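Residue-level structural notes
Residue strings, one per chain:
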Amino acid sequence: MNTVVRRPVAFVAAIVLFVEAVGIVLINGILATVVRNQDMSLAGMDPTVMSNGTWAMGGVFGLYLLLCGLLLLLAGIRDRAPGRFARIVLIICAVVHAVLGALTVGLVGWAAFASMMVVLGLIVLTLVAYGTRSDEPADDAGAGAPAPV
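Residues numbered from 1 in each chain as written. Predicted model: local features only at pLDDT ≥ 70, side-chain atom pairs only at ≥ 80, totals over all residues. Heavy atoms only, no water.

Description of the packing of aromatic side chains
Within this structure, the stated rule accounts for one aromatic pair. Note on tryptophan 110 and phenylalanine 113: the rings are 5.4 Å apart at their centroids and 85 degrees apart in plane angle, and the pair reads as edge-to-face. Of this pair, tryptophan 110 and phenylalanine 113 are both found in helix α4 (residues 110-130), three residues apart, which corresponds to roughly one turn of the helix. Assessed through its relative accessible area of 24%, phenylalanine 113 is described here as partly exposed. (Phe/Tyr/Trp six-rings, centres within 6.5 Å; stacked < 30°, edge-to-face > 60°. Helix = DSSP H or I, 4+ residues; strand = E, 2+ residues; numbered from the N terminus. Buried < 20%, exposed > 50% of the residue type's maximum accessible area, 1.4 Å probe, protein only.)

The structure is reproduced here in structure tokens:
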């Protein structure tokens, strides 16, 4: 895939992940507020502990999505394949989106599933478009020749 397509896909994927990070933090903030305002406990747990855990989970997941968006943004700006660490982080992000997409079908609906699959598709398309990281140009002349002994 040429530069005309892969750079915009990386930028769009980064923007989508930035927006998703803000959305995740907001949703977890709302859930934490609801849990804190209730007077019930779950298996004897204090509502304040559950609220703080929800805030922490939302913050960590939001930071992870921001990291993934930043890695995609850097790949688009540099127009180079992400490094090994970045590829691993982005592959994990794609797997998380696939699993969450499968769960959202029954819990939220098909629209949420479709949005999760769009994000998954953008991440995978970016990873496939950039291929593997290679600093030296490919040599087509010696591609079919056997290696010297």
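Now that the structure is up, let's keep going.
Focus on the pattern of salt bridges
Summed over all chains, the structure comprises one salt bridge. Here aspartate 79 makes a salt bridge to arginine 6, at a shortest N to O gap of 3.1 Å. Residue aspartate 79 is located in the loop between α2 (47-78) and α3 (84-107), and its partner arginine 6 is located in helix α1 (residues 3-37); the two are separated by 73 residues in the primary sequence. (Salt bridge = Lys/Arg side-chain N within 4 Å of Asp/Glu carboxyl O.)

Regarding α2
Compared with the 46 Å implied by 1.5 Å per residue over 32 residues, the 46 Å span of α2 between its first and last C-alpha is a close match. Following α2 by one or two positions, aspartate 79 adopts a phi angle in the positive range, close to 55 degrees. (Expected span 1.5 Å × (residues − 1).)

Considering the state of the cysteines
Taken as a whole and assessed by the stated rule, the structure comprises zero disulfides. Here cysteine 68 is not disulfide-linked; the sulfur of cysteine 93 is the nearest cysteine sulfur, at 3.7 Å. When its relative accessible area of 0% is taken as the criterion, cysteine 68 is described as buried. (Disulfide = S-S within 2.5 Å.)

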